[in-house]
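One-letter residues, chain by chain:
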Amino acid sequence: QPEENELWEVGAKWAFLDGRLGLTAALFRVDKSNARQTDPGTGDVVVTGEEQRVQGLELGLTGKLTSAWTIQAAYAYMDSEILRNPATATVVENENKGNRVAFVPEHAVSVWTTVEISKLMHLGPGVTTVGAGVRWSDDIYANSANSSYIPGNFTFDAMVSYEKDGWRFAANGYNLTDELNYDASFGNRAVVAPGRTLMFTVGKKF
């Protein structure tokens, strides 16, 4: 049988600073039946047959605090629950009822901000931009039994770029604090995400 989803959502938007800055808020509930998961390593689809519910709150902030300073921020609270699970060769019917849904964090936050320092300091021709941000998500369970978990992720990223006459030179740093993070997981397995990474790029607009 196919997986079925039912989504309910209500939200609102507000504008500040003469429309330069926007705030969004939403309450949501997703009910899923005959839930399935995809193994990121093999691409195999595994049908769990579970009935699941994820409900919570999303907040977002996007726009310009000043003519040179932009920000994008988001927060999500997700209350997840297994409402029913069928009996299998290894699991008793409703044995996992009330557990959290696998791979769904309870809290997730992301913040990214950039400043055009050339505009801020009146540096003349060319656009010099610096930016920094963090991403964090809570621990997740790696199975429906909630018997194993994968620690939360924290990443601090930053960048600097210079643009002039159609040329763009940029340096990006990812996971600058070299945290031990995980970017994929399935079936009690976790894949380690890259450590501290630096990337340099040169681009030209024609």
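Residues numbered from 1 in each chain as written. Predicted model: local features only at pLDDT ≥ 70, side-chain atom pairs only at ≥ 80, totals over all residues. Heavy atoms only, no water.

**Quick word on unusual backbone geometry**
Alright, step 1. In the Ramachandran plot, Asn 94 falls in the positive-phi region, its phi being about 60° despite a non-glycine side chain.
Alright, step 2. Its location among the elements puts Asn 94 in the loop between strand E6 (69-84) and strand E7 (107-116).
Alright, step 3. By relative accessible area, Asn 94 is classed as partly exposed at 30%.
Alright, step 4. With a phi close to 55°, Asn 146 is a non-glycine residue in the positive phi region.
Alright, step 5. Following the sequence through the fold, Asn 146 ends up in the loop between strand E9 (140-141) and strand E10 (149-150).
Alright, step 6. When its relative accessible area of 18% is taken as the criterion, Asn 146 is described as buried. (Helix = DSSP H or I, 4+ residues; strand = E, 2+ residues; numbered from the N terminus. Buried < 20%, exposed > 50% of the residue type's maximum accessible area, 1.4 Å probe, protein only.)

**Some remarks on the sheet that holds strand E1 (residues 4-16)**
Strand pairing within a sheet occurs via backbone hydrogen bonds; the two strands may be parallel or antiparallel.
Alright, step 1. On the basis of which strands lie adjacent, the open sheet formed by nine strands has the order E1-E2-E5-E6-E7-E8-E11-E12-E15 and antiparallel pairing. At either margin of the open sheet sits one strand with a lone partner, and together these are E1 and strand E15 (197-204). Averaged over all pairs of adjacent strands, the angle between their axes in this sheet comes to 10°, without regard to strand direction.
Alright, step 2. One ladder, built from 14 bridges, connects strand E5 (residues 51-64) with E6; its direction is antiparallel. Directly across from Arg 53, in E6, lies its bridge partner Glu 81. (Pairing = 2+ DSSP bridges. Axes fitted to C-alpha atoms, helices over the stretch in contact; angles between N-to-C directions.)

**Details of the environment of Asn 172**
Alright, step 1. Residue placement: Asn 172 occurs in strand E12 (residues 167-174).
Alright, step 2. Residues Asn 172 and Asp 157 lie 15 residues apart in sequence; the distance between their C-alpha atoms is 7.6 Å.
Alright, step 3. Sequence-distant contacts of Asn 172, that is, excluding residues within four places in its chain, are made with Ala 158, Met 159, Thr 197, Leu 198 and Met 199. (Contact = heavy atoms within 4.5 Å.)

**Considerations on the packing of aromatic side chains**
Alright, step 1. With the rule as written, the count across this model stands at one aromatic pair.
Alright, step 2. Pairing Trp 167 with Phe 169 gives two aromatic rings, centres 6.2 Å apart and planes at 15°, and the pair type is stacked.
Alright, step 3. Residue Trp 167 is classed as partly exposed on the basis of its relative accessible area, which comes to 39%.
Alright, step 4. Given the relative accessible area of 41%, Phe 169 is considered partly exposed.
Alright, step 5. Across the ring face of Phe 206, the terminal group of Lys 204 is positioned such that the distance to the ring centre comes to 5.1 Å. (Phe/Tyr/Trp six-rings, centres within 6.5 Å; stacked < 30°, edge-to-face > 60°. Lys NZ or Arg CZ within 6 Å of the ring centre and 35° of its normal.)

Functional significance is not addressed by these values, which are geometric in nature.
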